[in-house]
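Okay, here's what each chain looks like letter by letter:
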Amino acid sequence: SRGEYRHYMQKEIFEQPMALGRTLQGRLPLDDAPLALGEKTMSLLANARAIRILACGTSYHAGLTAAYWFESLCRLPCRVEVASEFRYRDSYPMPNELVIAISQSGETADTLAAVHDARERGFDGVLAICNVDESSLARAADAVLLTRAGPEIGVASTKAFTTQLAALALTVLALAEREGVRSDMRQALLRLPTQVEEILAMDSAIEELAAAFADKHHALFLGRGVHYPIALEGALKLKEISYIHAEGYPAGELKHGPLALVNEEMPVVAVAPNDSLLEKLRSNLEEVRARGGQLFVFGEDGAVDHGGGMRFHSMPACHPFISPILYVLPLQMLSYHVAVLKGTDVDRPRNLAKSVTVE
Ligand code: F6R
């Protein structure tokens, strides 16, 4: 039941600390012991020399995020494809290329068909990252890493997304450690549920931003690097439940087209974590400000020089490894509040189904 919450989506946003705790539970030893992801999962990962991620929608965004991790932290080539596209084009595996299929429901027709095709094309095995134990995808895969988010009722995916990222982060750690990388990433992941809690406590401050979106027809979401997929996810959330047209862009692409759209009627949301791309992002934001765009920036104190034309929302300092998982939270909360203000059917947005079991 929804309990004290007005909508399932809101309940599911607030369940994230608990859900993430469960995803990590028992899998991430405090000492130097190997990760406990199950024997089958560990052996699939041990053999992988390349990774192909197949998924749809929000699960695809989790895959896009993980690709940055696999390439930068594990030095493994990784490609991510929308399952409905993969099915209908010719694509061949590299030697020992592992498929990771990501799906909350495990019943998405396109993802299931893509997995089937991948086997026929000679990919090296299928690891499913899935929220439902007995699902078709779980049965079709060689190994399953469950996200343990608990049932997700709201059509707009929230806790399924962050737990997918946490499960993917575990596979990234397992692979990075195989390459001999030892770091503080384990500790960073263990702190995740507490840090998520901290950010959820900002809900009422984020609610105050919603009014600036409710009467708009378009919005842009910007991010760079591993936060570009987070911008895509922010845009998808806003479209789905508030029916405001939104696009996610890597901030460096602005001047190649979308800048033409920027004016006072176009709110621009930017995720600006304290990473190596912050300086680049700053100049992208100046381009928006110079055109009169209304900027909404999420970053650590001092990240950007805020003044006229910018509303800055301060985020706690965090480890770069888990930063994408934290920065999606304010975007989820923002979309939720915009949809509530607009009076849409938040849990059951028009034209959408929770699980898309037809092509
Ligand atoms: C967005 C959303 C959809 C799903 C997509 C895949 O909020 O929920 O984009 O992510 O339909 O669904 P699963 O993960 O069940 O395969």
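Because the structure is predicted, anything quoted here is derived from the model rather than measured.

Cut-off values and rules
Residues numbered from 1 in each chain as written. Predicted model: local features only at pLDDT ≥ 70, side-chain atom pairs only at ≥ 80, totals over all residues. Heavy atoms only, no water. Pairing = 2+ DSSP bridges. Helix = DSSP H or I, 4+ residues; strand = E, 2+ residues; numbered from the N terminus. Axes fitted to C-alpha atoms, helices over the stretch in contact; angles between N-to-C directions. Contact = heavy atoms within 4.5 Å. Buried < 20%, exposed > 50% of the residue type's maximum accessible area, 1.4 Å probe, protein only. Core = buried A, V, L, I, M, F, W, Y, C linked by side-chain atoms within 4.5 Å.

Some details on the sheet that holds strand S7 (residues 245-250)
Read across the sheet, 5 strands follow the order S7-S6-S8-S9-S10 without closing on themselves; strand pairing throughout is parallel. Each having just a single partner strand, S7 and strand S10 (310-314) make up the two edges of the open sheet. Averaged over neighbouring strand pairs, the angle between their axes works out to 20° when direction is ignored. The strands that helix H13 (residues 228-242) touches are strand S6 (218-223) and S7; relative to S7, the one it contacts most, it runs at about 180°. The strands that helix H15 (residues 323-342) touches are S6, strand S8 (267-272) and strand S9 (294-299); relative to S8, the one it contacts most, it runs at about 155°.

Observations concerning the environment of threonine 163
For threonine 163, the location among the structural elements is in helix H8 (residues 159-178). The exposure class of threonine 163 is buried, given its relative accessible area of 0%. Threonine 163 sits 33 residues away from cysteine 130 along the chain, and the two C-alpha atoms are 9.6 Å apart. In this structure threonine 163 touches Ala19, Leu20, Thr23, Thr147 and Ala149, once residues within four positions along its chain are discounted.

Thoughts on the nonpolar core
Soluble, globular proteins show a tendency: their nonpolar side chains are buried together. Membership of the largest hydrophobic core comes to 87 residues, with the highest contact counts inside it found for Trp69, Phe70, Ile100 and Leu189. Among the elements that take part in this core, H8 stands out by supplying 12 residues, more than any other. Apart from residues no more than four positions distant in its own chain, tryptophan 69 is found in contact with Cys74, Leu165, Leu168, Ala169, Val172, Val226, Phe321, Pro324 and Ile325. Core analysis: the second largest hydrophobic core is formed by 20 residues, Ala272, Leu285, Val288 and Phe312 among them.

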